[in-house]
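Report on the structure
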Amino acid sequence: QVQLVESGGGLVQAGGSLRLSCAASGRAFTYSTMGWFRQAPGKEREFVAAIILSGTTYYTDSVKGRFTISRDNAKNTVYLQMNSLKPDDTAVYYCAAKFRSLLDYKNGYEYWGQGTQVTVSS
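For clarity, every value in this text was computed on a predicted model and none was experimentally measured. (Residues numbered from 1 in each chain as written. Predicted model: local features only at pLDDT ≥ 70, side-chain atom pairs only at ≥ 80, totals over all residues. Heavy atoms only, no water.)

Looking at the side chain of Arg66
Note the following rule: What counts as a helix is a DSSP run of H or I of at least four residues, what counts as a strand is a run of E of at least two, and both are numbered from the N terminus. Two N or O atoms count as a polar contact when they lie within 3.5 Å, although within protein this holds only if one can serve as hydrogen donor and the other as acceptor, and sequence-adjacent residues are included solely when both atoms are side-chain atoms. The contact criterion used throughout is that any non-hydrogen atoms of two residues lie within 4.5 Å.
Checked against the element boundaries, Arg66 lands in the loop between strand 6 (57-59) and strand 7 (67-72). A polar contact of 2.8 Å, which involves the side chain of Arg66, links it to the side chain of Asp89. Excluding its chain neighbours within four sequence positions, the residues that come into contact with Arg66 are Gln81, Met82, Asn83, Ser84, Leu85, Lys86 and Asp89.

Here we look at unusual backbone geometry
Cut-off, in case you're wondering: A 1.4 Å probe rolled over the protein chains alone gives each residue an accessible area, and that area as a share of the maximum for its type sets the label: buried under 20%, exposed over 50%, partly exposed in between.
In this model, Asn76 sits at a positive phi of 55 degrees, which is unusual for a non-glycine residue. You will see that Ser84, though not glycine, has its phi angle at about 50 degrees, which is positive. With respect to the helices and strands, the residue Ser84 is situated in the loop between strand 8 (77-82) and strand 9 (91-98). The class of Ser84 is partly exposed, set by a relative accessible area of 42%.

As for the pattern of salt bridges
Between side chains of opposite charge, pairing is possible as soon as their charged atoms come close. Defined as follows: Salt bridge, as applied in this entry: a Lys or Arg side-chain nitrogen positioned within 4 Å of an Asp or Glu carboxyl oxygen.
Evaluated as defined, the whole model comprises five salt bridges. Taking the shortest distance from any N to any O, the salt bridge between Arg38 and Glu46 comes out at 2.6 Å. Salt-bridge contacts for Asp89 lead to Arg66; the nearest nitrogen and oxygen are separated by 2.8 Å. On the criterion of sequence distance, the pair formed by Asp89 in the loop between strand 8 and strand 9 and Arg66 in the loop between strand 6 and strand 7 is long-range, its members being 23 residues apart. The network of salt bridges with shared partners includes Arg38, Glu46, Arg66 and Asp89.

Observations regarding the state of the cysteines
Two cysteines form a disulfide when their sulfur atoms are joined by a covalent bond. Here is the rule we go by: Any two cysteine sulfur atoms within 2.5 Å of one another count as a disulfide.
Scanning the entire structure with this criterion turns up one disulfide. With its sulfur 2.1 Å from that of its partner, Cys22 forms a disulfide with Cys95. Torsion about the S-S bond of the Cys22 and Cys95 cystine: about -75 degrees, corresponding to left-handed handedness. You can see Cys22 sitting in strand 3 (residues 18-25) and its partner Cys95 sitting in strand 9, a full 73 residues away along the chain. In this structure, Cys22 and Cys95 share a single accessibility class: buried.

Below you can see the structure in the form of structure tokens.
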């Protein structure tokens, strides 16, 4: 089993920044694809960003240039730095991990965190 614990959410004004963290335990973190997803009220959960084993990163179009995903394998932690936040970024953000089909960075995540709320005021 893998446990994922997110932190760093909160309330911020539009244009501000937040950094989300996701601490992983229970399995070799290094050999995983890690992703961030979000779910806004009344909407389906959507892919935000992912980082694969090689360190290559992927982003949904709406956050490119504003969000940065990174990982620290020594700390078993993945981060999402969010800059220039907009009210449309308001959502519960989830960290996710997968250990199979590592290049399929949008689908098939096996483990999920409990989520952290991000609220961006206008």
